[in-house]
Amino acid sequence: MNFVRKMGRIMYLGARAHADWEIEMAGNILRSRKRLMVLGLLTLPILIFGVVFAEDVASGLPHYLGGKTALSPSFFTMGIFVSSILIGLCAGLITGCIGAGGGFIIAPALMSAGIKGILAVGTDLFHIFAKAIMGSVLHKKLGNISVSLAVIFLIGSIGGASIGGLLNRFLYDLNPIISDAFITTIYVFMLGALGAYSLIDYLQARKAPDGGGEAHGGKSEGTEMGNLPKKLQAINLPPMVTFDQGLVPGGRQISSWFLVLSGFFVGLAAAIMGVGGGFLTFPIFVYVLGVSSMTTVGTDIFQIIFTAGYAGIGQYAVYGFIFYTLAMGMLLGSLLGIQIGAMATKVVKGITIRGFYALAVLAGFINRFFALPAKLSSVGAFPLSKETAKILDLIGVWSFFIIISIFAIWVIGTFLMNIKKLKGGEA
C-alpha cells in the first residue's frame, strides 16, 4: 500500500503540473485572435465536409491521414464530432476546476465509445500536440528553459517514443484485441494508483483543521533537493550537464545519462498511453534529478512540443492511427471547459474539488477495470461467457459516464448560478 501511495503521489503532482500547462496553453490560444483564427480554419473542413461530403471525402483520403484504409476516417459524422467536443469539455472542466490532469479520462472515454485503443492514444497525442504548438509562447519562457537539459532529455524521449509507438503498432498488427488489452491494463494500474492516492488525500483533507481549503495551486512543491537527487548529482559520469546557474551559485550538475534514461521513460509512457509525457516530466525532474521547479516548468513546456509532436505524428499519424475530427473536437471542448472550470474554483470549496477529482479518476479506473476481463478472455487468457463480459463492460461504461456527467453538470451549474458573483469578483 505504501508503494501505491508513493506512486499515486508522484502521478498526482505530475498531473497538477500537466494541468498547469494545459491551462496556460488554453489561455494563450484564447487571448490571441490569430490563434483563434487558425483554430477556426482547422475546424472549417470538418464543419463543411462532415455534413455534406463525409463519405466521399473519407473514401478519397490517403492512408496516412486516416482514410478508409486506416482504422477510421478523418471526417466521419457530425455526431462523432459533437461527442468529441463533449469529451474534451469534460476533460477541460476537470483540468480547470481541479487543476490536476483531466486528460486521464480521454483515452478511457474514447475506448468506451468504441474507438480502438491505439487510435485513442494516437488521437490524444495529436490533440496534445495541436494544443502545444498553438498555445506555446516560447519567448516568454526562455529565461526558465534550460536548452541543454531539454536537448539531452529529448534524445531519450524520442527513442522511448519510437519504441512505445512500435510496440503499440506491433501489438495491433498481431491482434487488435491484444493491443486494447495492453493499453487497458496500463490504464488500470495507473488510474488505480492515482485514484487510491486521491481518495486517501481527500479523506485526510476532510480531517484537516482548514477543511481542506486548498484547491489547486497551493504551496510550491520541490523547492529543495531530497536525498535521491543529491546522490545522483554526486555521481561523476561524463558527459555532465550544468543547470540552474541563475538560482544556485555555479549551478548544479548531473550526468547526461540520467537525463537520457529519464527522457526514454517519459517518451515510452507518452507513446504507449497517449498522455504527452508532461505528467511524468515534472516529478522526475524535481524529485529524481533535482532540477528546480522554475527550470522544470519552462523546460517541460519546451520539451512537450517535441515529445508529443514526434509521438503523435511520427508514430501514429503517418500510419493512419489518428482521428482528426476527434482531435479537433476535443481541442475545442477542452478550451471551453478549462475556462469554465477555472472560474468555478472561485466559488467552490477546495475539499469538494478534491472529492470530485478522486471520483473522476476512480471512474476511469472502474471503466478500464471492468473492460479488461472481456478483452483478456477474447485472447484466451481465461474463459468468460459473452453475456458476463458484456455485463461487466456495461457496468464500467455506465459508471464512468454517469460520474463524469454528474461532475460536468455540477461544475457548469455552479458556474451559471454564480455568474453575477464571478463578474463582481473580476470587477
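It should be emphasised that the depicted structure is a prediction, and the values quoted were computed from it without experimental measurement. (Residues numbered from 1 in each chain as written. Predicted model: local features only at pLDDT ≥ 70, side-chain atom pairs only at ≥ 80, totals over all residues. Heavy atoms only, no water.)

## Focus on the overall build of the chain
Moving on, step 1. Helices and strands together make up the secondary structure of the chain, namely 16 helices and two strands.
Moving on, step 2. For the chain, the proportion of contacts with a sequence separation of at least 24, taken over those separated by at least 6, is 79%.
Moving on, step 3. With an accessible surface of roughly 18600 Å², the chain has 69% of that area assigned to carbon and sulfur atoms. (Helix = DSSP H or I, 4+ residues; strand = E, 2+ residues; numbered from the N terminus. Contact = heavy atoms within 4.5 Å. Areas by Shrake-Rupley, 256 points an atom, 1.4 Å probe, with all protein chains shown as cover.)

## Notes on the confidence of the model for the chain
Moving on, step 1. On average, residues of the chain score 78 in pLDDT, and 81% of them are at 70 or above.
Moving on, step 2. Between residues 64-75, whose pLDDT stays under 50, and residues either more than four places distant or in other chains, the model counts 43 contacts.
Moving on, step 3. Of the regions scoring below 50 in pLDDT, residues 213-223 engages in 24 contacts with residues more than four places distant in sequence or in other chains. (pLDDT = per-residue confidence, 0-100.)

## Topic: helix α13 (residues 324-344)
Moving on, step 1. An ideal rise of 1.5 Å per residue puts 30 Å on 21 residues; α13 measures up with 30 Å between its terminal C-alpha atoms.
Moving on, step 2. Counting buried residues in α13 gives 16 out of 21 residues, a clear majority hidden from the surface. (Expected span 1.5 Å × (residues − 1). Buried < 20%, exposed > 50% of the residue type's maximum accessible area, 1.4 Å probe, protein only.)

## A word on the pattern of salt bridges
Moving on, step 1. Per the stated rule, a full pass over the model turns up two salt bridges.
Moving on, step 2. Residues E22 and K131 are paired through a salt bridge, measuring 2.4 Å at the closest nitrogen-oxygen approach. One end of the pair, E22, is in helix α1 (residues 2-30); the other, K131, is in helix α6 (residues 117-135), with 109 residues separating them in the sequence.
Moving on, step 3. E22 gets classed as buried once you look at its relative accessible area, which sits at 6%.
Moving on, step 4. Its relative accessible area of 1% is what places K131 among the buried residues.
Moving on, step 5. Across the salt bridge formed by D180 and K375, the nearest N and O atoms sit 3.6 Å from each other. Placement of the pair is D180 in helix α8 (residues 176-207) and K375 in helix α14 (residues 350-378), with a sequence separation of 195 residues. Neither D180 nor K375 differs from the other in exposure class; each is buried. (Salt bridge = Lys/Arg side-chain N within 4 Å of Asp/Glu carboxyl O.)

## Details of the pairing of strand β1 (residues 240-243)
Moving on, step 1. Of the two faces of β1, the one holding V241 and F243 is buried and the one holding M240 and T242 is not buried anywhere.
Moving on, step 2. Note that β1 and strand β2 (residues 252-255) share four bridges and pair antiparallel. Each residue of the ladder has a partner; that of M240, found in β2, is S255. (Pairing = 2+ DSSP bridges.)

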